[in-house]
Structure formats: C-alpha cells, structure tokens
Amino acid sequence: MFVRMVQRACACCVFLFILCTPVSALADDLADEADLQFQLGTEAYARGDYRGALEHFLRSNGLVKNRNVTFNIARCYEHLTQYPNAWRSYSRALAGAEDPTFKSKVNESLERIAPFVGVIEVITDPPGATLYIDRKDLGPRGETPLSLGVGRGQYRVLIEMDGYEPVASAPMAVAAGDRKKIELTLNSVLGGVSVEGTAGAEIRVDREDGPVLGRVPAKIAVRPGLHRLFVSAPGKKTREVPVEVRARQSVRVRAELEATLGSLVVATDLRDALIEVDGRSVGFSPAVINVPVGTHRVRVSLSGFSPIERTVVIAKGAQTRFEAELARGEQVTAASRTAEQVEEAPSSVTIISREELRAMGYQTIAEAVRGVRGLYLTDDRSYTTVGIRGFSRPGDYGNKILILYDGHPYNENLLGQSFPGLEGRSDLDDVQRIEIIRGPGSVLYGTGAFFGVINLVTHAPGEETRVEAGVASHEYGVIRGRSLGYWNFGEGAVWTSASIFQGAGRDFHFSEYSDDESGLGGNARGIDGVKGGTVQGRVWWRDLTLQWFWHRRDKELPTGEYDVLFGDPRNIFKDTRAFLELRFEPKLGANVELLTRAHANLYTFESTAPYSEDDGGLYEEVYEGRWVGFEQRIAYRPGEGLRLTLGAELQRHFEASLYGQDSLGDVYLPADQNPYWVIGVYTAGDADITSWLRVSAGVRFTAFRWEFSERDVESSSLDPRLALIVRPYPAGVTKLLAGKAFRAPSIYERFYQSSVQTTSLDLDPEHVLTGEIEHTHRFSSSVALVGAVFANSVTGLVVGRGEGTEASPLFFVNSDTPVRTIGAELELRREWREGWMLAGNYGVQRSDYVDPAPEDELVDDARVPNSPTHLAAIKGAAPIIGRSLALMTRLTYGSARYDRNETRGLPAQEKTGANVVWDVVFNGRIVNDQLTYNFGVYNLADFRYHAPVSAEFRMTRVPQNGRTVLAALTLSL
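(A) Structural detail: the sheet that holds strand β10 (residues 191–197). The strand order across the open sheet built from three strands is β13-β10-β16, with neighbouring strands paired in mixed fashion. This sheet does not close on itself; its edge strands, each paired only once, are β13 (218–222) and β16 (250–255). On average, each strand axis in the sheet is inclined to that of its neighbour by 25°, with strand direction left out of account. Two strands pair when backbone bridges link them, and β10 and β16 are joined in this way by six bridges, in the parallel orientation. Its bridge partner lying in β16, E196 is registered against R254.

Put into structure tokens, the structure is as follows:
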C-alpha cells in the first residue's frame, strides 16, 4: 500500500514536470502531429492509461526526437513494470543531458528501478560500434559505449562497425540487480599493399609525416578505400602513389625513387686514385661526381698508398669538395700473415709495387728482385737462384728462401727449390705486388723460410670484369702468349689466366770443354732451349677462396753438368709444379678472425742425362712429390692495439720418391715412396705498449717424421721471433729484430743414392740466428731514408763429403763450422707519384767461416762462395708524354764473388769479376688505356760477367745474361 502511494505521488510530480516543460515546436505538419501525439499521451497518462500513453509518446518521439518525451516513455515502461525497457529509455534521456535538474530526476529514476533490472555495460575499441542483443533482426540497441538494461535471462552481445570485422560476445546469464561489463576489441577489415622499388625506402600512408609502416620491399595492411602512399629515402625525392585498397584483397605498386643530387668534387695530389662512395666504386681522381644528398662515406685509395676515408655531407644543388694528399702506406701480408703497414711489420720489408712491375715489364721473380736491397742472382742455365745478404751457396738452388703465391708456399718437397725464374712461372702479369721479407720466417712458415720470404700478391676481389690478351718477347727470344679473364659477380669474383712460352736460348762457349771428346771445341750451340706454360686462377665467394696453379717448364742444358756428354741435346730437365688451395676466412664479430686452409700439391721432376754407352748410356730420373696439408689459425683482438694468434698445421707427404735407371734398365735409384709427416704449432702476439712502442713476439714448434725404407727418422725445431718497433720521433721508426729459423734436410740430401753417392739419413736441420736494427726516417710522405745493420749466424750447414767416386762416394753431413755474416745497408727512396720515382740502395756484407772444423777441410782463409761484399742499385722512372710514354731505368752493381773451391785438394779459390747491369724500358698506355706496351733493353751495355756454380759442373763459373731485348703488348677489354 505504501509503495503504491509513493508511486502515485511520484507520478503526480512527474506529470506536473512534464506539463511545465515546453516542447520544441517545428514549423511544419510533422511538428504539429508530434505535438498532438504528445498531448494525447499526456491525457492518457493522467487517466492512468499507461499503455495508451506509451503508445502516443512513442509515436511523438518517432516523429520528432525529444529528450523529455523519451523520459515520459521511460516512466510509462516503469508503471507497466517493464523495467529493462524503462532502463534503456532513462539511459537515452540522460545521454547528452546538461540541465542539472533533469539529470538529477533521471538518475533518481535509474536508482529506483535498479533492483529490478540487470545491466550490461558494453565498451568497444574503437567506440561508436552498433550494438545488437542476440539477433540483428530485432534492430540495434544503440552505439557503444552503452549500458543496457535487461531482464533475467541469457544474452549475447553482437557488435558491428563499418570497416571492422563483426564481433560477438559469449552468452552470459543476467539476473535482476546484476552488473555485467563487456569489453570488446574490433579488428579492422584490411586489404594488402605490396610495395616494391627502391630498397630500404620508408612507407607512410595518407600523411607524409605519418608513422613508418614498413621499408621497401614490404607488404603492409591498410583499411579499404582510397589512400595515398608516401615513399621516401634519404637523398631521394619522395614519391606519392595513389592506391585503392579493397577488403581482403592485395594490390601491388612500384615506387622507384629518383635521387636528389649534389656534386662531390674529388681532387688528390696523384691521379687515378680510386674513388668509392659508401663502398661503391664511382670513378678515379680527379673527378666531379653526382651524389645523392645526405651523409656518405668517401674513400680514396691508390695502390701502394694509405687509403683516406672521410664522412661528407652532400647538399642539394651544391658542391662538396674532397681534397687529399695521398701518403705512401704500403701494406704487407707475409710478415705476420695479416695485412699491416710496412713500417709496423716485425721484419725488414721491401715492396715491389705494381707501378714498377708494369713499368719495367719484369717477366720473372728473379728479374724483379734484382736491385732490391740485399738481393742478388745466380743463373747456372738449369735454375735461377736468389741470394740474400751475402748467402747463396752453389748447389742450394734457393732452398733457403721461401717463395709464396698469395701466402701458399711454392717450394717443392724433394729439394726445397724456390723456382724464381721461368722454372717457376711464365710471367708476372697477374702479380700486383711482390713482398720481400728479410730475416727468419720459420715462426710463421716452418722450413725453408731461412733467410727470407718472397710473397707474390695477385688479383683481388672487386676488380673490373674484363678479358686480356698479351704477347711478349724477352731473354734471348723467349716468346710468350697470355690470356686472362676476370669476372666480378657481386658477392665474389673469379679470374683465370693461361700462358705459354718457348725460346731457343743462347749459345755458349766453355773453355773447360775445348779439348773435350765431343769435338765441339767448347761451343754449346742451339741446346739452351726452353718451353712451358702456366695456368692459374682464383675464385672468391664471401669468406671462401679457391686458388689453383699449374706450371711446366722443359729446359735443355748446355753446361754438361753431372759430366754428361757435352753438347748433347738430350740433356733435359722437366719440372712440373701444381697446387690447389681452399681457404675459409670468416670474421666472428669485430675481434675474432679465423683461417682454415686445406691444400693439395704436386711436384714432378724428369731428367734425361746422356752418357757414353760404356757408362750406362742415357740415364733417366723421375722425382715425384705429392702432399696435402691442413692449417687452422685463430686471431683474437681482446683490445685496441693487441692481437693474439694461435695456429696449427699438419702436412702429409704421401710421396717423395726418387727414381733413376740407365738405358740398360739398371735401376740405381729405387722409387721408394719415402712418405713423411710435418706438424707445426705456433703462436704470436702483437701489442701496442705505448704510442711509440710496439712489441711483436712469436714461436713455432715443428716436428718431422720421415718413413724411409731403412728406418724412420724424426727431427724437430723450436723457432722464436721478437721485434721491438719504436717511434722515437714522429718521422722515424726503429725496428729491433731477432729470430731463429731452420731448414729441414731435403729428401734428395737424405735419400739420393747412386754408384758415386750414398744416403745420408742422419742429417739434422740447418739453423740460423739473426739480429737486425733498421731505422726509417721520412722526410715527407713520399721520401724515406732507411738504414740497417744486421748479423747472421748459420750452424749445421748440410755439406758434401767424399770424392764422388765409386771408391769414395759422396754423402752429406752437418758441418761443424758456423758461417757468420755481418752487414749494413742504406736506401733512399722517393716513392711513385704521377709516374715519377727515384730510389737508390747500397749494401755491404761479409760472410766468414768461424773457427773452421778440421773435418771440413777448409783451406786457410777460405771464403764463403758466391757471396758478394758490395751490392748497389739505382732505379728511376719519369713520364715523357703523360700516360702514353714513360721511361724507367735500373742500374745494378754486384762485387766479385768467390768460387766453390774452398776445401783442400782443389785448385785455389778464385773470384769472378764484378758486374754492372743497366736496364732501360719504355712503357705506356694507348688506345683509351686499353693497350699497354713495354719496349726496352736489359743489360744495355752488354756487360759480360759470371756467377759461381756448384760441383756438378766442370766449370767453376757460368756466364750470366748479356744484352736482351724486351717487347710486350697487352690488350684489355
């Protein structure tokens, strides 16, 4: 009863409120009709006919929306106890209301009916979605966010919004008085846009300053409709691309951006320096280059000079200047097996640059190193030998110098020969520089790196794709043809070249054979011929490198060595050397470098030696060497200025056989395989102690195991190296160098046997201790003065004993007499600039036997054979007509050398004469630099001189080359 009275009182108040509230009038019939329905509803409400009143109020509100009418609708629902409908109507009336009195009345009504209504509050992301309950055909209930009043039951909320996927809630049970909250996220209905074009360009949609949605190439999701894509990149013009996107479909667009350019002006003091912008080659200095605006890294480099790198900012339509003076900064890799500046290398180093190699047209390593500080040559017409700092004993055949091809040891495994002449390769056209490292190198390379290392550096990745063809004539008419192909394919490159040569050689007269039974009067004519060829190449792909090399030389011998029949053309040496090497050199971050190296090698020597039928007729010998190797090295840089290296190497020499028989088929040298193992472990460290002091130290342990048919033989050597590199003042560098190296006895020395020679299995390695002080003073970036003093002590030299007869066969032992060398060198050099170069050097050295052992039977005051006391050279180059014609010349001097007669029972030791050799070569580039040429004369004055040779020869000295003409042409396309 009380509740009914309260309801009637409230109804009266509300009725009075309604009567007092004006209704907005519209000046048309629709407003009149709405007003009529409102009046009829008011009258029905006053009579208590709430259903009739509700009907009229709904019609009125349907004609003209009115907040007060909505409130009256809610009151009618409340009287009819349709509380959910009342809640919805009260909520609609409250939405957007501003009148405090009205809002208060509505809130009171909502609180009053709240116990009779279940409320579902729906929130969506984004808001504004259309809300349905259970079924869409019942019509929408409003837009989110929205609070719905419902009766008791289970309900499911359905949400829809243009451009978004429809969403439905899970069914939920609602009772009177419950408050339920639902939060729903709507996912956009999208289409896809695949954008191609300028890689890395940023993609924005509809706004040029909007967020970046991806980088080309990319696929981005976009709401359906018409859109504008803005594609931009630094230094490029922004491109606007219209696109229509359809729901759930993909469209493809392409946006190639044009660069916004500025000018980069590059000027260097030397022409033809390579210009790279952001790692891409763009030309040669001097040059004006169009470059996209923005920040770039510019690098200028020239072979033999330190590269210069700077960051430049290119402005639109403006010029940016890059001016630089290139400083000579040659790098060497063979001194530490990593690229480093020559002045920082822990050795005495000379670089024969690419400019010099091309200007002089050197055909062999031997010709290239003649005139290098401390080096000299011997050619016995069988092989060429390089001597260094007063040491090149006849018969050593260069086995105390190690020659490398791009870091791969080239010396063979039977005699240890280094092959610096035509016996080693056909030409030097593929060589970009030659590194000469004086001093012991066993710490890095093991046996053979006794007095020094010569490393040939060939092509590098990144060169231009091209083909080349060339012809040349040199050294008494040796004719050579060569071809090359180089292909750069982005992530790598491949090159290969092939060459062949043939020559008749020269005629000789040897007085020692004047009365020989041959009847030739000591004249060897037409039997100094040579022929052969080379195939080589390399392929790079990322961190992998594969290189291959094959060379063959057939040489007729005019000297009658080994007492063969003089003048017989059947006396021939044939040498074949080949290798295949695979390297993997990854960088593990900024501090760790790895080297994994595997290689396979071949050496074959074939000879025919004619003797009289009484002495066995034609002797044939075949030497076979086959071996493989594996090396693993890791270099770690734990901090700035510190480098640590650890490595191990294993070699398996499957075959090192020597075979010989005479024409009767009698075998005097059985072809035992003579396999052996070589194991080496080494470590090195380089540290910048201060800004003026650098320390480099290393040590290597090498072990050998020979498996001869008689018995196994083992040997080992421990070889350290220490270098202190001091900068006492900015323009000066002082190197204090000390080290030890070894040479293991060769298979030939240990195993060779015949009727006049026996095996020598118990030989020990030869050793050398070296100390040196070298100082370099730079007057400028291109002019330097180098001075050095050095001392060597050689022990355990392998020397021959016996008379070489059947009664007293030859055999080898380690000499108990040390050999000591002391010397000094001075070199002044003005480096290559614009085709100009000038250099001169002088060296003096003295090699002596120290406390000769009685068993060595050295004569009193015996002098070390083939050891010149003085060496000197002058080189110069000058342009005559730009790049089309230039001149280079070289003048070398070598003092007299003693012959091999150092022991008792032989004729007195004599000296050869000194030698002065003058070379003049013209060179140039013509036909748009595609055709290069060399024309000149070696030994222009035809100076006749001799060099000592070993006991295999009847003569003690052999004449060296007189005047020879060089002519070479190379076409590059």
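(B) Structural context of the packing of aromatic side chains. For the coordinates displayed, the defined rule picks out 32 aromatic pairs. For the ring pair Y383 and F419, a centre distance of 6.2 Å and an interplane angle of 45° mean the geometry is tilted. In this pair, Y383 sits in the loop between β27 (375–379) and β28 (384–388) while F419 sits in the loop between β30 (408–409) and β31 (433–438), placing the two residues 36 residues apart along the sequence. The class of Y383 is buried, set by a relative accessible area of 5%. By relative accessible area, F419 is classed as buried at 2%. Considering the side-chain rings of F450 and F451, the 4.9 Å spacing of their centres and the 90° angle between planes classify their relative orientation as edge-to-face. For F450, a relative accessible area of 0% translates into the label buried. Relative accessible area serves as the criterion here: at 7%, F451 is assigned to the buried category. Directly above the ring of Y132 sits K136, whose terminal nitrogen or CZ lies 5.9 Å from the centroid. Here the basic side chain of R890 rests over the ring of Y938, its NZ or CZ set 5.8 Å away from the ring centre.

(C) Focus on the pattern of salt bridges. Across all of its chains, the model carries 79 salt bridges by this definition. Taking the shortest distance from any N to any O, the salt bridge between R801 and D856 comes out at 2.5 Å. With R801 in strand β52 (residues 798–801) and D856 in the loop between β55 (836–849) and β56 (870–881), the pair connects residues that are 55 residues apart, well separated along the chain. Note on accessibility: R801 and D856 belong to one class, buried. Here the salt bridges share partners, and the residues they tie into one network are D427, D429, D430, E463, R466, E468, R480 and R482.

(D) Focus on the sheet that holds strand β20 (residues 287–292). Reading across the sheet, the three strands line up as β20-β17-β23 and stay open at both edges, with mixed pairing between neighbours. Both edges of this open sheet fall to β20 and β23 (319–324), since each of them pairs with a single strand only. Adjacent strand axes in the sheet meet at a mean angle of 25° when their direction is disregarded. Pairing of strand β17 (residues 261–268) with β23, which is carried by six bridges, proceeds in the parallel orientation. The partner of V266 across the bridge, within β23, is F322.

(E) Focus on the nonpolar core. Ranked by internal contacts, the top residues of the largest apolar core, which has 90 residues, are V369 and I434. In terms of residue count, helix α8 (residues 365–369) provides more of this core than any other element does, four residues in total. For I434, the contacting residues outside a window of four places in its chain are T350, I351, I352, L357, A368, L428, I454, N455 and L456. If you look at the next biggest cluster of nonpolar residues, it comprises 26 residues, including V69, L80, A86 and A93.

(F) Structural detail: the packing of helix α5 (residues 83–94) against helix α6 (residues 100–113). For the pair α5 and α6, the least separation of the axes is 10 Å and the interaxial angle reads 160°. In terms of their interaxial angle, α5 and α6 are classed as roughly antiparallel. Two packed elements cross with a definite hand, and for α5 against α6 that hand is left-handed. Counted together, Y83, A86, W87, Y90, S91, A93 and L94 of α5 and F102, K103, V106, N107, S109, L110, R112 and I113 of α6 form the full contact between these two elements. In the contact of α5 with α6, the residues fall into 10 nonpolar, three polar and two charged.

(G) Molecular detail of the pairing of strand β59 (residues 931–938). Relative to β59, strand β58 (residues 915–926) runs antiparallel, the two being bridged by seven bridges. Bridge pairing in β59 places V920 opposite V937. Connecting the antiparallel pair β58 and β59 is a turn made up of four residues, with V927 showing a positive phi of about 55°. Sheet analysis places β59 next to strand β62 (residues 964–972), joined by eight bridges and oriented antiparallel. The residue bridging L931 from the neighbouring strand is L971, located in β62.

(H) Spatial organisation of the environment of R246. Following the sequence through the fold, R246 ends up in the loop between β15 (239–245) and β16. For R246, a relative accessible area of 51% puts it in the exposed group. For R246 and G698, which are 452 residues apart along the polypeptide, the C-alpha to C-alpha distance reads 70 Å. Those residues in contact with R246 that sit more than four places away from it in its chain are L190, G191 and P224.

(I) Local environment of unusual backbone geometry. Residue P126 is reached from D125 by a cis peptide bond, and omega for that bond is 5°. Structurally, P126 is set in the loop between β1 (118–125) and β2 (130–133). Omega for the bond connecting S285 with P286 falls within 30 degrees of zero, at -5°, which places this linkage in the cis form. Take P286: it is sitting in the loop between β19 (280–284) and β20. Residue Y476 is not a glycine yet carries a positive backbone phi of 60°. In this fold, Y476 is placed in the loop between β33 (466–474) and β34 (478–488). Not every positive phi belongs to a glycine, and N866 is a case in point at roughly 55°. The topology assignment puts N866 in the loop between β55 and β56.

(J) The arrangement of the confidence of the model for the protein chain in detail. Of the residues in the protein chain, 97% reach a pLDDT of 70 or more, and the chain-wide mean stands at 89. Per-element averaging of pLDDT across the protein chain places helix α1 (residues 2–20) at the bottom with 41 and strand β40 (residues 572–584) at the top with 98. Below a pLDDT of 50 lies the segment residues 1–27, which in the model reaches 22 contacts outside its immediate sequence neighbourhood of four places, other chains included.

(K) Here's a closer look at helix α4 (residues 67–79). Here α4 is 13 residues long and its end C-alpha atoms lie 19 Å apart, about the 18 Å a rise of 1.5 Å per residue gives. Buried within α4 we find V69, T70, F71, N72, I73, A74, R75, C76, Y77 and E78. Structurally, the start of α4 carries an N-cap: the backbone nitrogen of N68 is 2.8 Å from a side-chain oxygen of N66.

(L) Quick peek at helix α2 (residues 29–46). Its 18 residues give α2 an end-to-end C-alpha distance of 26 Å, which sits within 8% of 26 Å, the value for a rise of 1.5 Å per residue. A31, A34, Q37, F38, G41, T42, A44 and Y45 are the residues of α2 that are buried. Down the axis of α2, the sector holding all buried residues measures 165°, keeping them to one side. With its phi angle positive at about 85°, G48 sits one or two positions after the end of α2.

(M) A look at a negative patch on the surface. There is a patch of like negative charges on the surface, built from D29, D32, E33 and D35. Within the secondary structure layout, D35 lies in helix α2.

(N) Fine view of a nonpolar patch on the surface. There is a patch of nonpolar side chains on the surface, built from L838, I874, L891, Y893, V916, W918 and L940 and spanning about 590 Å² of accessible area. If you list the elements that add at least two residues to the nonpolar patch, you get β57 (885–894) and β58. By secondary structure assignment, the location of W918 is in strand β58.

What counts and how
- Residues numbered from 1 in each chain as written.
- Predicted model: local features only at pLDDT ≥ 70, side-chain atom pairs only at ≥ 80, totals over all residues.
- Heavy atoms only, no water.
- Pairing = 2+ DSSP bridges.
- Helix = DSSP H or I, 4+ residues; strand = E, 2+ residues; numbered from the N terminus.
- Axes fitted to C-alpha atoms, helices over the stretch in contact; angles between N-to-C directions.
- Phe/Tyr/Trp six-rings, centres within 6.5 Å; stacked < 30°, edge-to-face > 60°.
- Buried < 20%, exposed > 50% of the residue type's maximum accessible area, 1.4 Å probe, protein only.
- Lys NZ or Arg CZ within 6 Å of the ring centre and 35° of its normal.
- Salt bridge = Lys/Arg side-chain N within 4 Å of Asp/Glu carboxyl O.
- Core = buried A, V, L, I, M, F, W, Y, C linked by side-chain atoms within 4.5 Å.
- Contact = heavy atoms within 4.5 Å.
- Parallel < 35°, antiparallel > 145°, perpendicular 65-115°, else oblique.
- Left-handed = near helix turned anticlockwise from the far one by under 90°.
- Nonpolar A, V, L, I, M, F, W, Y, C, P; charged D, E, K, R; others polar.
- pLDDT = per-residue confidence, 0-100.
- Expected span 1.5 Å × (residues − 1).
- Polar contact = N/O pair within 3.5 Å; in protein donor to acceptor, adjacent residues only side chain to side chain.
- Arc of directions from axis to C-beta.
- Patch = residues over 30% accessible without salt bridge, like charges linked within 9 Å, V, L, I, M, F, W, Y side chains within 5 Å.
- Areas by Shrake-Rupley, 256 points an atom, 1.4 Å probe, with all protein chains shown as cover.
- Lys, Arg positive; Asp, Glu negative; His and termini not counted.
- Charge placed at Lys NZ, Arg CZ, Asp CG, Glu CD.

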